[in-house]
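Geometric and topological summary
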There are 2 protein chains.
Amino acid sequence: MTSLAPPNPPAPPSPGELMDRLARAAAAYYRNFAAVAAGDGLTLMQGKVLSLLRRPMPMRTLAELLACDASNVTGIIDRLEARDLVRREADPADRRVKLVLLTETGQEAVRRIRAGVLADLDGLAALAAPDREALGRLLDQVFPD
Amino acid sequence: MTSLAPPNPPAPPSPGELMDRLARAAAAYYRNFAAVAAGDGLTLMQGKVLSLLRRPMPMRTLAELLACDASNVTGIIDRLEARDLVRREADPADRRVKLVLLTETGQEAVRRIRAGVLADLDGLAALAAPDREALGRLLDQVFPD
DNA sequence: TATTGTTATACTCTATAACTATA
DNA sequence: TATAGTTATAGAGTATAACAATA
């Protein structure tokens, strides 16, 4: 017996299948992000750091957000600072702390990256408001952060 | 006027806000994956390669799936082979091609990684079947691959 | 004493270019 | 000629350990 219109509703994926789907989605997101960042001559990690700097923050906070050792952040920020994309500033409240902030050039790069990533996610732009609400809610449930 | 129960439905996120949510979800997925892989002494990339090897495949195919240059795959497979997690085999149909396949040890590592990632995604295990179907469908729309 | 950031070190990942074996 | 895989090289990301400055 072959199915006639309307087609059968799709079977819900098992948790394992959904995990695989999440893995492919995460890979696709970063492939897209890395390609856009490369358009500005930036690596994936450099693009991530710039995108995280919506506000000035200590090196230490950056390391926590990137889930890497603090010693790595020194080199990453060195390379971004050499290209005038970020600046280090002393924290007046605690002289051990260095605050990292975007320069004007860095802010422009972030705007280009965000626009580029969004432009490549045409499937997201086509999503109706209820679907956007559902996707946001489901992602919050799976990744409470 | 303060809201009484039931609370107002949440406002749908804008495409830009949803993009940020996707970025955090992708980061959380890889943070989880990398931590589980590290439990087996594997890097993120090594864990990804093992997970991709559901079937034997040429080095070239692996490079395409990883979206990296083929020369990188040589070193990654070298290190996995030195730990007896994968093997190279000549392709009888084309002697230029080397097929990479999981050893028994490699298959065990993949099972541990998959179980570990799934176990850490407790928000996913708690999802009811209709929510799993909706999330899978929405991810397919945003990341058609 | 504890914390922040840096340096030194070693290893992994990465792209580019040049090479070989095979098609 | 074209393709699959490797090697050599240089640069970037990574964790660990030790250090100076500050709290």
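By convention here, each chain's residues receive numbers from 1 onward along its written sequence. Here the convention is simple: chains get letters from A, ligands get numbers from 1, in the order in which they are written. pLDDT decides what is reported in this predicted model: residues at 70 or higher carry local features, side-chain atom pairs at 80 or more are listed and counted, and totals for whole chains, interfaces and linings draw on all residues regardless. Calculation of side-chain values draws on the structure's entire complement of heavy atoms; hydrogens and water are dropped beforehand.

**Focus on the protein's contact with DNA strand D**
- By convention in these notes, a residue is near a molecule or strand provided one of its non-hydrogen atoms lies within 4 Å of it. Around DNA strand D, a shell composed of 21 residues is seen, among which A:Asp69, A:Ser71, A:Asn72, A:Arg79 and B:Arg60 lie nearest.
- For DNA strand D, the backbone makes up 66% of the atoms found within 4 Å of the protein, where backbone means sugar plus phosphate.
- Separating a phosphate oxygen of DNA strand D from a side-chain N or O atom of A:Arg79 is a distance of 2.4 Å.
- One of the side-chain N or O atoms of B:Arg88 is found 2.9 Å from a phosphate oxygen in DNA strand D.
- Secondary structure elements follow DSSP: runs of H or I of four or more residues count as helices, runs of E of two or more count as strands, with numbering from the N terminus. Mapped by element, the contributors of at least two residues to the surface near DNA strand D are helix H2 (44-52) and helix H4 (70-82) of chain A together with helix H3 (59-66) and helix H4 (70-82) of chain B.
- Element by element, the count of residues in the surface near DNA strand D is highest for H4(A), at four residues.
- Taken together, the residues that form the surface near DNA strand D break down as six nonpolar, six polar and nine charged. Pairs of N or O atoms within 3.5 Å make up the polar contacts considered here, provided that, within protein, one atom can donate a hydrogen while the other can accept it, and that residues adjacent in sequence are counted only when both atoms are side-chain atoms. For this classification, the nonpolar set comprises Ala, Val, Leu, Ile, Met, Phe, Trp, Tyr, Cys and Pro, the charged set comprises Asp, Glu, Lys and Arg, and every other residue, Gly included, is treated as polar.

**Here we look at the interface of chain B and chain A**
- Between two residues, a contact is recorded if the distance between any of their heavy atoms is within 4.5 Å. Chain B puts 45 residues into the contact, and the matching count from chain A is 45 residues.
- As used here, buried area is the combined drop in accessible area, with a 1.4 Å probe, of two parts when they are placed together. Roughly 4,500 Å² of surface becomes buried between chain B and chain A when both sides are summed, with 71% attributable to carbon and sulfur atoms.
- Of all residues in chain B, B:Met19, B:Arg21 and B:Phe143 bury the most surface against chain A, accounting for 14% of the area lost on that side.
- Take a side-chain nitrogen of Lys or Arg and a carboxyl oxygen of Asp or Glu: if they are within 4 Å of each other, that pair is a salt bridge. Between chain B and chain A we count eight salt bridges in total.
- In this structure, the connection of chain B to chain A is made through eleven residue pairs in polar contact (both at pLDDT 80 or more).
- Of all the elements in the fold, those that place two or more residues in the side of chain B that touches chain A are helix H1 (15-38), helix H5 (104-120), helix H6 (122-125) and helix H7 (129-142) of chain B.
- Here the side of chain B that touches chain A gets 16 residues from one element, more than from any other, and that element is H1(B).
- Tallied by class, the residues present in the side of chain B that touches chain A amount to 28 nonpolar, five polar and twelve charged.

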